[in-house]
Amino acid sequence: MIHFSSLCKTWPDGTKALSDISLTIPRGQFCVILGPSGAGKSTLLRSVNGLMRPSSGTVAIDGIPLSPATERSLRKRVAMIHQHFNLTGRMSVAANVLAGMLPVVPTLPALLGWYSAQHRSKACALLDQVGLAPLHLHRRAQELSGGQQQRVGIARAFMLDPEVVLADEPVASLDPKIARDILSLIRNAAGQRRATVLCSLHQIDLAREFADRIIGMRDGKIVFDGTPAAFTDARIDALYHGAQWEDLPAADASPAKHPAFTLQPALA
Ligand SMILES: Nc1ncnc2c1ncn2[C@@H]1O[C@H](COP(=O)(O)OP(=O)(O)OP(=O)(O)O)[C@@H](O)[C@H]1O
Ligand SMILES: [Mg+2]
């Protein structure tokens, strides 16, 4: 479970990237964050693995607040999948997947490629799970297509059996068919382990198809929190085009029906 409590982030130039975000995401939920560019989606995701330090408020995973003292141990439980894959291009596919062990393997053995047989067989099993045949194992990551590289990114993310997976626009640079395949892989791999997924997307259709829950952000605030079914065309318009929520038809302006979610006070 991830719990955000009154999270705020103001950058040194005065930009308020997050304004008083309070949110609980239960274990195993596939939660998609939508919102226009600059809404604060990446900033929110990066608060969960310590890549962004909030100005105030807390993020807790299973009740343990993220702090300099807990960050190292919590990081082992949080994996990230990146828009641009973040692989080391000149290294092999196998080495990139094994790099998922870095939070628990000393740096020198990792640099020398000294991973245990158990870790190697786990990397192979994960590559198989994401649909990459063994013939790719020793290819350089940079030789792979974007879709194949993201499969490697997913395998790497699951090496430590994370409880939380952060995916920041994981399919932004992929064609629609591959994008769907990649989201299915993330969803299935997470589902098998009951991992919680926080995934930012720009594709509304994919969000509706894959999400258990959609969080809509604008200007650093949560303006929608509900099921895909409750994310109506009018709400999409309001999120992206700035229509006032008060102007929505009554059916769209009323709170989402899913009992697990509530609309933010501004909308209720
Ligand atoms: N390191 C930084 N320094 C200063 N401002 C930043 C920094 N990172 C992000 N911001 C600002 O914080 C706000 C939120 O940015 P963020 O990257 O979280 O948006 P986003 O919703 O992920 O957008 P996109 O859809 O374009 O990825 C923006 O105004 C952005 O310019
Ligand atoms: Mg972003």
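Note that the structure is a prediction, hence the values are computed from the model and not measured. (Residues numbered from 1 in each chain as written. Chains lettered and ligands numbered in written order. Predicted model: local features only at pLDDT ≥ 70, side-chain atom pairs only at ≥ 80, totals over all residues.)

1. Examining the pairing of strand 8 (residues 196–200)
Then, in step 1: In terms of residue burial, strand 8 counts as a mostly covered element, since five of its five residues are buried.
Then, in step 2: Strand direction decides the pairing type here: strand 7 (residues 164–168) and strand 8, joined by five bridges, are parallel. The residue of strand 8 that forms the bridge with Val 165 is Val 197. (Buried ≥ 20, exposed ≤ 12 C-beta atoms within 10 Å, placed from the backbone. Helix = DSSP H or I, 4+ residues; strand = E, 2+ residues; numbered from the N terminus. Pairing = 2+ DSSP bridges.)

2. Some points on the confidence of the model for the chain
Then, in step 1: On average, residues of the chain carry a pLDDT of 90, and 90% of them reach 70 or more.
Then, in step 2: Overall, residues 254–268 carries pLDDT values under 50, and its contacts beyond four positions in sequence, including any with other chains, amount to 26 contacts. (pLDDT = per-residue confidence, 0-100. Contact = placed C-beta atoms within 7 Å.)

3. A few points about the sheet that holds strand 3 (residues 30–34)
Then, in step 1: The strand order across the open sheet formed by six strands is 6-7-8-3-9-10, and the pairing between neighbours is mixed. In this open sheet, the two strands that pair with only one neighbour each are strand 6 (78–81) and strand 10 (221–226). Pairwise comparison of adjacent strand axes, ignoring direction, gives a mean angle of 20° for this sheet.
Then, in step 2: Taken together, the four bridges between strand 3 and strand 9 (residues 213–218) define a ladder with parallel strand orientation. Across the sheet, residue Leu 34 finds its bridge partner in strand 9, namely Gly 216.
Then, in step 3: The strands that helix 7 (residues 176–193) touches are strand 3, strand 6, strand 7 and strand 8; relative to strand 7, the one it contacts most, it runs at about 170°. (Axes fitted to C-alpha atoms, helices over the stretch in contact; angles between N-to-C directions.)

4. Some details on helix 9 (residues 233–241)
Then, in step 1: Regarding helix 9, the residues found buried are Arg 235, Ala 238 and Leu 239. The buried residues of helix 9 occupy one face: seen down the axis, they fall within an arc of 95°. Looking at helix 9, the residues exposed on the side facing more than 90 degrees away from the buried face are Asp 233 and His 241.
Then, in step 2: In the segment just after helix 9, Gly 242 is the residue with positive phi, at about 75°. (Arc of directions from axis to C-beta.)

5. Looking at the site of ligand 1
Then, in step 1: Close contacts around ligand 1 come from Trp 11, Asp 13, Thr 15, Ala 17, Gly 35, Ser 37, Gly 38, Ala 39, Gly 40, Lys 41, Ser 42 and Thr 43, and that covers them all.
Then, in step 2: Element by element, the count of residues in the shell around ligand 1 is highest for helix 1 (residues 41–46), at three residues.
Then, in step 3: Partitioned by chemical class, the residues of the shell around ligand 1 number three nonpolar, seven polar and two charged. (Near = placed C-beta within 6 Å. Nonpolar A, V, L, I, M, F, W, Y, C, P; charged D, E, K, R; others polar.)

6. Some words on the environment of Asp 62
Then, in step 1: When you line up the elements, Asp 62 lands in the loop between strand 4 (56–61) and strand 5 (64–65).
Then, in step 2: Once the C-alpha coordinates of Asp 62 and Gly 146 are considered, the two residues, 84 residues apart in sequence, prove to be 34 Å apart.

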